[in-house]
Each structure stands twice: as C-alpha cells, then as structure tokens.
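# A closer look at the structure
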Amino acid sequence: MRSTFLPFSAPTIEDAEINEVVDSLRSGWITTGPKVKRFEEAFKAYVGAPFALSLTSATAGQHLSMPVLGIGEGDEVITTPMTFASTVNTIAIAGATPVMADIEAGTLNIDPEQVRRKITSRTKAIIPVHFAGQSCDMDRIFALAREYDLTVIEDAAHAAGTEYKGKRIGSLDSVSIFSFHPNKNMTTGEGGMFCTSDETIAEEVALLRFHGHSREAWKRFPVNSSQDYDILMPGFKYNMMDIQAAIGIHQLAKLDGFIEKRTELAEFYNRELADVAELALPQYAPYEQRHAWHLYTPLVRIEKLGINRMQFMEELKKQNIGSGLHYRAIHQHPYYRSLLNVPDQELPVASYASERIVSLPLFPRMTLDDARDVVEAIKTVIAANRR
Ligand SMILES: *Cc1c(COP(=O)(O)O)cnc(C)c1O
C-alpha cells in the first residue's frame, strides 16, 4: 500500500505561473487589464474561436448565455443528466425548463437519438456536455439543431484541447463555455471563457459581464480615454482579473503537454484494468476526435461486489487513493427530483451510471508508478469485497 495519499486531482502550478502573478501584483494592475487581453487572444488562437470572452467562471458564462440567446420563461432546454449542477441550475435560474435526455453507455455523452425524443414546440436549445473531455457527436447534434431551429450551447468545461473531426472545441459554429476551475485541464484559480462565432452575441456578453458599461461595446461606441461612460443595459460583475489571466497564459501554453500526460495515464488504466470484470471502463467514441482526458471514469459493477460505490470510494481511501464523483445524475438531486419528477426508468443509462461511476486519480503531475498504485488498490479492494 502507498505511504502517502494520492488525490484524485491537483493543479500543476510552476514558477512561470507564480512569477507572472507576482509580476501582476507588483505592477499595481491586478484586475482586468493587459494580461486578460493577452489570455483572451491566446485562447482564441488556440481553440480557433472568432470571439473569446473571459469570465469569473464557466457558471457565469452559462448564466449569461440564457438571456443572450433569448432563453427564458416558457422555454425548454435539453441537456444531459450526467453533468455538474451549474449546467442545469442556470437553465432553471433563467426561468426555463431543463429537459433531461439520456446518455450513451460507452462514452456517457448525451445520446442524439434521446435528444430527438425530447424535442417539443417549446424546445429552444440543446446543451451537450463534452463529458470527461471527449467530444459529443456534434454533427448529429447540429443536424437536429438545424432541423428544429435550436441553439447549441456547448458545455466545454471538460473540453479545453478536445477536438472533434479535426476541429478544436471552441471553433464550431455555436456557443461554447470553458471552465478554468483548479480541477479542470487548465486553471486560472477560478475562471471561464465564453467562445462564439457571432459578433452580436460576443458584444452582448462583453456588456453583461461588466455592468452594461459602454466601454465594453466595441461596435457601437468606440473606446475613448474619457472617464465618463454610459450604462447600456443592466449587467453583472463577471470580469476576469489579470491575476487570474497571469496563471491562464502559462497554463494554456502547457495544455497540450498536460493532455499528452493525461492520455498516457488514461491509456495505462485502460490496459491495466482491462481484465477487471468488476469495472466497466470508459469507451472511445467511434468518430475521429481528440479526447482531452479531463476525467477517467469507470463504472463499478456493484452487483458483483458486496459494497456500493460510496463504500468502494471509502475503501480506496483506506488504501491512500483519492477518487471523485462526477456525477450523481441531475434528476436524482432533491431540487430536480421535485421540479422535474423524472423517474430513473426514463433515463436508464444515466441512472445506472449514476450509482456506479467513480473518477480515478488523473492529473499531469501523476507518475505511472502512482497509476500502478491505483490499479493495485482497486484490485485489493475488489478481491476483498467480491460477492
Ligand atoms: C466545472 C464544470 C462547470 C462549472 O465550471 P465553473 O468554472 O466551476 O463555474 C460546468 N459544467 C461542467 C460539466 C463542469 O465540470
């Protein structure tokens, strides 16, 4: 057994990030300024998005996406139950109704056929989540969107660096929202990025993220040096700080290296756990893509064990191995159970995964020896609890 605890995730913060933050602090310019601009330009170039707007979080971007795309009272938005709460919370906060479409068993991504089943005359948008860093089948989702005149909002929180058929997530003809929370593939402490190909949408996000302040309105009101300004709409306070962007600039430069390391570890798990009958391993989608391996999420076949998933995670912890839960399905949370009242039988694949999913340790600073410890601990726990 390992002598030290291995967490399920940890950011890689090195001298470059630290020195850049110190530079911001010493410069006297700590909030939104030149480094935010640099970070946005670099992110835009990396993903290939025509417009990239930094924010305090992905949740902020999801919140803004609703009014900007005209989604509100009386509208329905179709998304996956296998996601973080904010994907669905921000639909509910806008006064719209979240509608759950079931997922595919192998990838745990939203199933386009199930999306089709849920479309009604009230449906306004689809929010696919690129689960664990693997792209959803966007051609099929865009085809549905065209057929029924729906907006697509990609939850790209796991998908910095993900590619779909040779294109980076962020460059597709939609809105996509990235997260830079410390557990994500790259971090700014907290932070998010809103990418779009639509200039009108971009400008409205720019206004809404900073009080509706006229200096953000690059089309209608040219920037001038005056201290005076107009408020053009009631906005929020969702602007990223230079201190955050200072971290992000260096994280972005390392992102491809981070993904290579994550891929190496994920493929090690794939090989070393292939013969463990008590686990169902994550599957690659059949189309061309680059998986960013944000998470490694096998399902524990609890019917073969005398313990449930939470107990499995506790047993791993006793072996000094951390793990995460991404996610308990949305329709099973108390608020959404009473709001939506969707029985498990309506969402069989997500409900099955919800009881069994576990996130194994996966982060760039991990070594193959660490991963070997995880595999050994899993085999020990399973051997001790097999039915
Ligand atoms: C992390 C996450 C979010 C929210 O990101 P924040 O930056 O923490 O607001 C949204 N959706 C998914 C799928 C996530 O994993």
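Here, every reference points to the structure presented above.
Structural notes, computed from the coordinates. (Residues numbered from 1 in each chain as written. Predicted model: local features only at pLDDT ≥ 70, side-chain atom pairs only at ≥ 80, totals over all residues. Heavy atoms only, no water.)

### What about the layout of surface pockets?
A water-sized probe rolled over the atoms picks out the places where empty space is left. Filter applied, for reference: Cavities and pockets were defined on a 1 Å grid built over protein atoms only: a cavity is a set of grid points that admits a 1.4 Å probe from which the probe cannot escape, a pocket is an open set flanked by protein on both sides within 12 Å along at least five of seven lines, and lining residues are those with an atom within 4 Å of any such point. Grid points are joined across faces, edges and corners, and a volume is the space filled by probe spheres set on the points. Each helix is a run of DSSP H or I of at least 4 residues and each strand a run of E of at least 2, with the numbering of both proceeding from the N terminus. The nonpolar class holds Ala, Val, Leu, Ile, Met, Phe, Trp, Tyr, Cys and Pro. Asp, Glu, Lys and Arg form the charged class, and all remaining residues, Gly among them, are polar.
Quantified by volume, the largest pocket comes out at close to 610 Å³. Lining the largest pocket are 22 residues, and of these Thr32, Lys37, Glu40, Arg209 and Glu216 sit closest to its centre. Where the lining of the largest pocket is concerned, the elements lending two or more residues are α2 (34-47) and β1 (51-55). Taken together, the residues of the lining of the largest pocket sort by class into 10 nonpolar, 5 polar and 7 charged.

### Observations regarding the nonpolar core
Under the convention used in this document: As used here, the term nonpolar core means buried Ala, Val, Leu, Ile, Met, Phe, Trp, Tyr and Cys residues forming a set that is joined through side-chain atoms within 4.5 Å. Classification of residues uses two cut-offs on accessible area relative to the type maximum, computed with a 1.4 Å probe and protein chains only: under 20% is buried, over 50% is exposed, and between them is partly exposed. Note: domain ranges come from an automatic or database domain assignment. Contacts are assigned to residue pairs that have any heavy atoms within 4.5 Å of one another.
Membership of the largest hydrophobic core comes to 42 residues, with the highest contact counts inside it found for Phe39, Phe43 and Phe178. Elements supplying a minimum of two residues to this core: α2, α6 (138-148), β9 (192-196) and α8 (242-272). Three or more residues apiece are contributed to this core by two domains, here domain 1 (15-253) and domain 2 (255-385). Residues in contact with Phe43, not counting those within four places in the same chain, are Gly48, Phe178, Phe180, Met186, Met193, Cys195 and Leu252. Formed by 32 residues, the second largest nonpolar core is a distinct cluster that contains Trp293, Leu362, Phe363 and Val375.

### Notes on helix α12 (residues 368-385)
Formally: Each helix should span, by expectation, one fewer than its residue count multiplied by 1.5 Å. Arc definition: it is the arc formed by the directions from the helix axis to the C-beta atoms.
Over its 18 residues, α12 extends 26 Å from the first C-alpha to the last, a length consistent with the 26 Å expected when each residue adds 1.5 Å. Restricting attention to buried positions, one finds in α12 the residues Asp370, Ala371, Val374, Val375, Ala377, Ile378, Val381, Ile382 and Asn385. All buried residues of α12 fall inside an arc of 160° around its axis, so they share one side. Exposed and oriented more than 90 degrees from the buried face of α12 are Ala383 and Ala384.

### With respect to the packing of α2 against α8
Any two packed helices are characterised by the angle at which their axes cross and by the distance between the axes. Applicable threshold: Every axis in this analysis is a line fitted to C-alpha atoms, fitted for helices over the stretch in contact. Angles between the N-to-C directions lie between 0 and 180 degrees. These descriptions rest on fixed angle ranges, namely under 35 degrees for roughly parallel, over 145 for roughly antiparallel, 65 to 115 for roughly perpendicular, and the rest for oblique. Left-handed is the label given to a crossing in which the near helix is rotated counterclockwise from the far helix by less than a right angle, and right-handed is the label when the rotation is clockwise.
Their axes nearest at 8 Å, the elements α2 and α8 cross at an angle of 25°. Accordingly, the angle class assigned to the pair α2 and α8 is roughly parallel. Classified by chirality, the crossing of α8 by α2 is left-handed. Residues Pro34, Lys35, Val36, Arg38, Phe39, Ala42, Phe43 and Tyr46 of α2 touch α8, and the partners they reach there are Asp242, Ala245, Ala246, Gly248, Ile249, Leu252, Leu255 and Asp256. Residues of the contact of α2 with α8, tallied by class, amount to 11 nonpolar, 1 polar and 4 charged.

### As for a nonpolar patch on the surface
Our working definition: Patch definition: residues with relative accessible area over 30% and no salt bridge; like charges joined within 9 Å; nonpolar side chains (Val, Leu, Ile, Met, Phe, Trp, Tyr) joined within 5 Å. Methods summary: accessible areas were calculated by the Shrake-Rupley approach with a probe of 1.4 Å, and residue burial reflects only the protein chains presented. Just to be clear on terms, a salt bridge is a Lys or Arg side-chain nitrogen sitting within 4 Å of an Asp or Glu carboxyl oxygen.
A cluster of nonpolar side chains, Ile13, Ile18 and Val22, forms an exposed patch at the surface whose accessible area comes to about 210 Å². In this structure, Val22 sits in helix α1 (residues 15-27).

### Regarding the side chain of Ser24
This is how the line gets drawn: Throughout this description, a polar contact denotes any pair of N or O atoms lying within 3.5 Å of each other; where both atoms belong to protein, one of them has to be capable of donating a hydrogen while the other can accept it, and for residues adjacent in sequence the pair is counted only when both atoms sit in side chains.
For Ser24, the position within the fold is in helix α1. In terms of polar contacts, Ser24 uses its side chain to reach the side chain of Lys35, at 2.9 Å. For Ser24, the contacting residues outside a window of four places in its chain are Trp29, Ile30, Lys35, Asp242, Ile243 and Ala246.

### A look at the sheet that holds strand β11 (residues 289-290)
Operational definition: Two strands qualify as a pair provided that DSSP identifies no fewer than 2 bridges between them.
Taking strand neighbours across the sheet as the criterion, the 3 strands line up as β7-β6-β11 in an open arrangement whose pairing is antiparallel. Since the sheet does not close on itself, it has two edges, and those belong to β7 (167-168) and β11, each with one partner. Relative to β7, strand β6 (residues 163-164) is paired through 2 bridges, and the arrangement is antiparallel. Paired with Glu163 across the bridge in β7 is Arg168.

### Considering the site of the ligand
Put simply, the rule is: Residue proximity to a molecule or strand is established when one non-hydrogen atom of the residue lies within 4 Å of it. Put plainly, a molecule is in a cavity or pocket when over half of its atoms are within 2 Å of the grid points there.
Around the ligand lies a shell of 16 residues, among which Thr59, Asp155, His158, Ser179 and Lys184 are the nearest. Within the backbone of Ala58, one N or O atom sits 2.9 Å away from an oxygen atom of the ligand. A distance of 3.2 Å separates an oxygen atom of the ligand from a polar side-chain atom of Lys184. Taking 380 Å² as the accessible area of the ligand by itself, protein coverage stands at 93%. Using a 2 Å cut-off from the grid points, one finds that the ligand occupies the second largest pocket. Within the residue set of the shell around the ligand, elements represented by two or more residues are α3 (58-68) and α4 (85-93). No other element matches the 3 residues that α3 contributes to the shell around the ligand.

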